[in-house]
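Structure assessment
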Amino acid sequence: MSKTIQSALISVYYKDGLEPLVRLLHQNGVLLYSTGGTQTFIEQLGIPVTAVEDITGYPSIFGGRVKTLHPVVFGGILYRRNLAEDVAQASRHDINPIDLVVVDLYPFEETVASGASDDDIIEKIDIGGISLIRAAAKNYEDVLIVSSRSQYADVVSLLTEKQGATDLDDRRRFAKEAFAMSSGYDRAIHNYFVGNTVSGDDDFRQLPAQSLRYGENPHQQATFYGDLNALFDQLNGKELSYNNLVDVDACVSLIDEFTDTTFAIIKHTNACGVATAPTAKQAYLNALACDPVSAFGGVIITNAKVDLETAEELNKLFMEILIAPDYDEEALALLRSKKNRILLKRKPVEFSPKMFKTLLNGVLEQDKDNQTETASQFTTVTEKAPTESELRALEFALKICKHTKSNTIVLANDGQLLASGVGQTSRVDALRQAIEKARTFGFDLKGAVMASDAFFPFSDCVEIAGEAGILAVVQPGGSIRDKDSIDACNQRGMAMVTTGVRHFKH
């Protein structure tokens, strides 16, 4: 059943991203109720708002511990609009309906993580907020609950599309997300009281939960457990999907390998363009040149601030997501011209050193592959040693190789990915795929380098690479036939270095 929102209670800890929603509600003639800092925020926008204490007759008391815990507020949320007895009681007690509740929670986990005192941590246990969220979610047949700032953009799109109304499926979806979030919040509090400092990797369901539109495919349900707001500020665009999140994870892992100005373009978790250059614009153009076809609809990340000149080039391409540490104001304004384009601003966050994967009837745990070999760790095994330029290119290629699906071969020069063979069942197929792609996009492989995620069982890859013009190779080594590949390099005047470290990625 479609319901038009006529009144809303807004009381949030985080105000970022709230303004567009407030302005839309005001534009739709929605009566706004609020408290404390949120009320001040709305008033500063020049938008009329009614203080909750004006309808309850009670001020905020006990240092803000009690603000919204009142029958007028909870009655307005919980009374059933289709039940005549509830409607009559609401009228008798002057309880007005509240159709939308926008509430988030005090940052309990962040406060614990900061090393704050016990008193400060206890004060961050939300009472009113969690009660409002549960009440609104319980009565989803009549009320829309927005329980996280990550949902603001989605709600704005929804209300714009449906002219200020929501249907039952919309409200039930947001209710599901609210209960997932509240259960994670309560679990975190419980863990604190029992002295359990186990991370979310070990018990991921204690983390804040966000229901996604669907999983890898539309027929699969999905939930993200974690706090995306701690990782990114979302500056534009729609809600992140399951596949978006998988690609974003791949982007972040890859870009963190680089310290110089770098752009990477990801498609289905594999790099289809990576380049390092003196300027952000040149790095992006060089990355795009690698495979402009695959770049369409991809996810792009950089470790540099995006300026207007770079944004003008980026804006020519249809992309799902752009991630950067910062944006110039003019660049951001231009990139926001596409309303669905997701723009993320990274925050400094330390990631878990562990990885988990469910399979069969259990869970696999392993250390993340945080090892990346540099030239100082290379062992030259051929008569010819790599030049300084080739060593830099080999380091560059190996970083990309490590983050590409096995079996993989990466072809590169000093600062630019030329092509890669991805996820092939044989290493020879991966190499042939890479060579074909490089030639398709006009790259001359003479003087390029090759990286392999695992050893060469035979000399065929080296022979094919030599015919293509490859001059230097990096690989783990360790095959009982290493000598065959080394001899093939020596016969062709190629350099080869080994690392002793394999980088499979499945």
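In this report, the structure presented in the accompanying data block is examined. (Residues numbered from 1 in each chain as written. Predicted model: local features only at pLDDT ≥ 70, side-chain atom pairs only at ≥ 80, totals over all residues. Heavy atoms only, no water.)

**Here's the deal with the sheet that holds strand S3 (residues 31-34)**
Whenever strands of a sheet pair, they do so through backbone hydrogen bonds, lying parallel or antiparallel. Taking strand neighbours across the sheet as the criterion, the 5 strands line up as S4-S3-S2-S5-S6 in an open arrangement whose pairing is parallel. Two strands close off the open sheet at either side, each with one partner strand: strand S4 (50-51) and strand S6 (144-146). Two strands pair when backbone bridges link them, and strand S5 (residues 100-103) and S6 are joined in this way by 3 bridges, in the parallel orientation. Looking at the pairing, Leu 100 lines up with Leu 144 of S6. Running at roughly 140° to S3, helix H2 (residues 36-44) makes contact with strand S2 (7-11), S3 and S4 of the sheet. (Pairing = 2+ DSSP bridges. Helix = DSSP H or I, 4+ residues; strand = E, 2+ residues; numbered from the N terminus. Contact = heavy atoms within 4.5 Å. Axes fitted to C-alpha atoms, helices over the stretch in contact; angles between N-to-C directions.)

**As for the packing of helix H19 (residues 460-468) against helix H20 (residues 482-492)**
One way to put it is that H19 packs onto H20 with a least axis distance of 8 Å and a crossing angle of 20°. In terms of orientation, H19 and H20 fall into the roughly parallel class. Read as a crossing pair, H19 and H20 show a hand that is right-handed. Where H19 abuts H20, its residues Val 462, Glu 463 and Gly 466 lie against Ser 485, Ala 488, Cys 489 and Arg 492. Within the contact of H19 with H20, the residues separate by chemical class into 3 nonpolar, 2 polar and 2 charged. (Parallel < 35°, antiparallel > 145°, perpendicular 65-115°, else oblique. Left-handed = near helix turned anticlockwise from the far one by under 90°. Nonpolar A, V, L, I, M, F, W, Y, C, P; charged D, E, K, R; others polar.)

**A look at helix H8 (residues 128-138)**
Of all 11 residues in H8, 8 are buried; the element is thus mostly enclosed. Here H8 has its buried residues at Gly 128, Gly 129, Ile 130, Leu 132, Ile 133, Ala 135, Ala 136 and Ala 137. Buried residues belonging to H8 abut S2, helix H4 (71-78), S5, S6 and helix H10 (168-193). (Buried < 20%, exposed > 50% of the residue type's maximum accessible area, 1.4 Å probe, protein only.)

**A closer look at the environment of Ala 178**
With respect to the secondary-structure elements, Ala 178 resides in helix H10. Ala 178 sits 41 residues away from Ala 137 along the chain, and the two C-alpha atoms are 6.5 Å apart. Every residue in contact with Ala 178, bar those within four places of it in the chain, is listed here: Ile 133, Ala 137, Ile 145 and Ser 147.

**Digging into the packing of aromatic side chains**
Evaluation of the coordinates by the stated rule reveals 6 aromatic pairs. Measuring from centroid to centroid gives 6.3 Å for Phe 108 and Tyr 185, while their planes differ by 65°, and the two rings are edge-to-face. Here Phe 108, found in helix H6 (residues 108-113), pairs with Tyr 185, found in helix H10; they are 77 residues apart in sequence, far enough to count as distant. Per residue, the accessibility class of Phe 108 equals that of Tyr 185, and both read buried. (Phe/Tyr/Trp six-rings, centres within 6.5 Å; stacked < 30°, edge-to-face > 60°.)

**Structural notes on the pattern of salt bridges**
If you walk through the whole model with that rule in mind, you get 23 salt bridges. In this structure, the salt-bridge partner of Arg 346 is Asp 256, at a minimum N-O distance of 2.9 Å. Of this pair, Arg 346 sits in strand S15 (residues 342-346) while Asp 256 sits in the loop between helix H12 (242-255) and strand S11 (262-267), and the two are 90 residues apart along the sequence. Its salt-bridge partner being Lys 402, residue Glu 257 comes within 2.7 Å of it at the nearest N-O pair. In this pair, Glu 257 is assigned in the loop between H12 and S11 and Lys 402 in helix H17 (residues 388-402), connecting sequence segments 145 residues apart. Taking the relative accessible area as the measure of exposure, Glu 257 reaches 15% and is therefore buried. Owing to a relative accessible area of 5%, Lys 402 belongs among the buried residues under this scheme. When salt bridges with common partners are traced through the structure, they connect Asp 154, Arg 173, Glu 177 and Glu 239 into a single cluster. (Salt bridge = Lys/Arg side-chain N within 4 Å of Asp/Glu carboxyl O.)

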